[in-house]
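What follows is the residue order along each chain.
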Amino acid sequence: MKSVALSIDERSPQGIASGIARLITTGDLAPGDRLPTVRELASDLGVSPATVSHAWQTLASTGLITSRGRSGSFVRSKPREWMPRRYRGLDGTLEARLDLSRGSPDPELLPAIGPALLRVSSAHAGSSGVPTNALPINYMAKPDIPELHDLLRETWPSRVESITVTNGALDAIDRALAALVRFGDRVLVENPTFPPFMDLLEHYGLEPIGVPLDDEGMRPDAFAAALGRGPAVVLMQPRAHNPTGVSMTKARAEHLAVILARRRNGDGAIVIEDDHSGAISTAPDVTFATWLPDRVLHVRSFSKSHGPDLRIGALGGPRALVDRVVARRLLGPGWTSRMTQALLFELLTDADSVADIGRARDTYAARQAAM
């Protein structure tokens with residue numbers, strides 16, 4: 001086996017991780033091989049143990065190595081399961097009488113999609129059934145259809161510079177993190193938090209800082225203390241928090257926003273708010289953007305209210321930040337299907353669909369109270 005240290009050209013966490021990955025790819029490090037300890041490699045490279053530790057976290061999160069505690073870290077010998085580890089077991093195979101872990105909506109409470117599909121189909125086809133140009137058919141058109149964009153802006157919880165449609169809430173959060181963070185950055189999250197958030201933070205090599213909750217949201221004393229560690233991002237669920245169900249009050253949101261604005265170590269931290277339940281939540285819609293409009297990205301999902309398979313959400317905030325997300329998506333999925341956007345617009349404006357959502361909201365609230 002080649003000397004690990006001699007194969008590493010760049011001594012940053014990413015450079016170390018890349019060097020180890022190349023050794024694994026070429027076979028110089030074989031499945032089951034034991035890696036140097038963090039302190040051994042740090043000494044050989046002349047870097048801090050924390051630098052090597054961050055590299056190890058990256059390699060573990062990508063499935064290339066595995067830790068066996070005091071025995072050390074080893075090249076993984078078995079293929080990694082494709083599903084992020086905190087998603088495992090959420091496939092309905094758990095032995096439970098009532099599995100509430102997945103947060104899936106009741107199919108019986110989703111608005112009927114058939115009538116909306118017919119209306120969208122009719123609206124975008126001529127009398128002969130041949131599609132018209134009602135929807136853009138080229139790659140350079142704007143990503144969002146104007147009708148939905150304007151409706152989102154009208155119903156957003158605060159004034160907002162820019163909004164874009166995404167493929168659900170987690171897509172929006174993933175894209176926002178990719179645009180905002182660097183390896184090793186710290187991120188404030190509620191403790192407990194939505195488990196897949198932890199998978200996402202691990203993927204980017206980020207350090208989560210947990211902030212405990214009370215019945216109004218993040219505790220101000222703990223929030224202020226956590227800001228002292230200089231986070232790059234605050235990732236939070238302002239209402240219908242998963243898994244506790246807590247919804248942040250407006251008074252608490254204002255209190256925390258003031259702390260963030262005044263805290264020196266919080267300078268530059270961007271707040272990402274995940275409003276995953278949206279229209280089926282009975283709690284008031286609150287956002288830090290009411291007080292800090294230049295540093296908040298608010299995410300709204302329509303998956304739980306209108307259907308998970310629509311895969312549609314929205315991201316709104318400062319234009320400079322939202323534009324970075326839009327530009328990056330153009331190099332991947334490009335945009336969320338404009339036909340799907342038109343379908344969501346129909347569901348958001350049709351009287352019967354709006355009534356269906358109202359009934360779903362009341363039903364969920366009654367079930368929660370009964371439980």
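Located above this text is the structure these notes cover.
Here we summarise the structure given alongside this text. (Residues numbered from 1 in each chain as written. Predicted model: local features only at pLDDT ≥ 70, side-chain atom pairs only at ≥ 80, totals over all residues. Heavy atoms only, no water.)

1. Brief notes about the overall build of the chain
What the chain contains, in helices and strands, is 13 helices and 10 strands. In the chain, which comprises 371 residues, the share counted as buried stands at 45%. Across the chain, every contact between residues at least 6 apart in sequence was considered, and the portion connecting residues at least 24 apart equals 69%. Total accessible area on the chain stands at roughly 19,000 Å², and carbon and sulfur atoms take up 53% of it. (Helix = DSSP H or I, 4+ residues; strand = E, 2+ residues; numbered from the N terminus. Buried < 20%, exposed > 50% of the residue type's maximum accessible area, 1.4 Å probe, protein only. Contact = heavy atoms within 4.5 Å. Areas by Shrake-Rupley, 256 points an atom, 1.4 Å probe, with all protein chains shown as cover.)

2. Overview of helix 11 (residues 319-329)
Since one α-helical turn is 3.6 residues long, residues separated by three or four positions face the same way. Three or more residues of helix 11 are buried, namely Leu321, Val322, Val325, Val326 and Arg329. The buried residues of helix 11 occupy an angular sector of 135° when the element is viewed end-on, so they sit on one face. Residues of helix 11 that are buried make contact with strand 3 (162-166), helix 6 (169-180), strand 8 (270-275), strand 9 (296-301) and strand 10 (313-317). (Arc of directions from axis to C-beta.)

3. Description of the pattern of salt bridges
In this structure the tally under the stated criterion is 14 salt bridges. A salt bridge links Asp171 to Arg329, with the nearest nitrogen and oxygen atoms 3.7 Å apart. Here Asp171, found in helix 6, pairs with Arg329, found in helix 11; they are 158 residues apart in sequence, far enough to count as distant. Residues Asp171 and Arg329 agree in their burial class; the two are buried. The closest approach of N and O atoms between Arg252 and Asp214, which form a salt bridge, is 2.9 Å. One end of the pair, Arg252, is in helix 9 (residues 250-262); the other, Asp214, is in strand 5 (residues 207-214), and 38 residues separate them in sequence. When salt bridges that share partners are traced, they join Arg239, Asp275, Asp285 and Arg300 into one network. (Salt bridge = Lys/Arg side-chain N within 4 Å of Asp/Glu carboxyl O.)

4. Regarding the side chain of Asp275
Mapped onto the elements of the fold, Asp275 is located in strand 8. Within the structure, the side chain of Asp275 is placed 2.8 Å from the side chain of Arg239, a separation counted as a polar contact. A distance of 3.3 Å separates the side chain of Asp275 from the side chain of Arg300, its partner in a polar contact. With near-sequence residues (within four places) excluded, Asp275 lies in contact with Pro238, Arg239, Asp285, His298, Val299, Arg300 and Ser301. (Polar contact = N/O pair within 3.5 Å; in protein donor to acceptor, adjacent residues only side chain to side chain.)

5. Thoughts on the pairing of strand 7 (residues 233-236)
The two faces of strand 7 match: Val233 and Leu235 on one face and Val234 and Met236 on the other face are all buried. As paired strands, strand 4 (residues 186-191) and strand 7 are joined by three bridges and run parallel to one another. Considered in strand 7, the bridge of Val187 is made with Val233. Here four bridges tie strand 7 to strand 8, and the two strands are oriented parallel to one another. (Pairing = 2+ DSSP bridges.)

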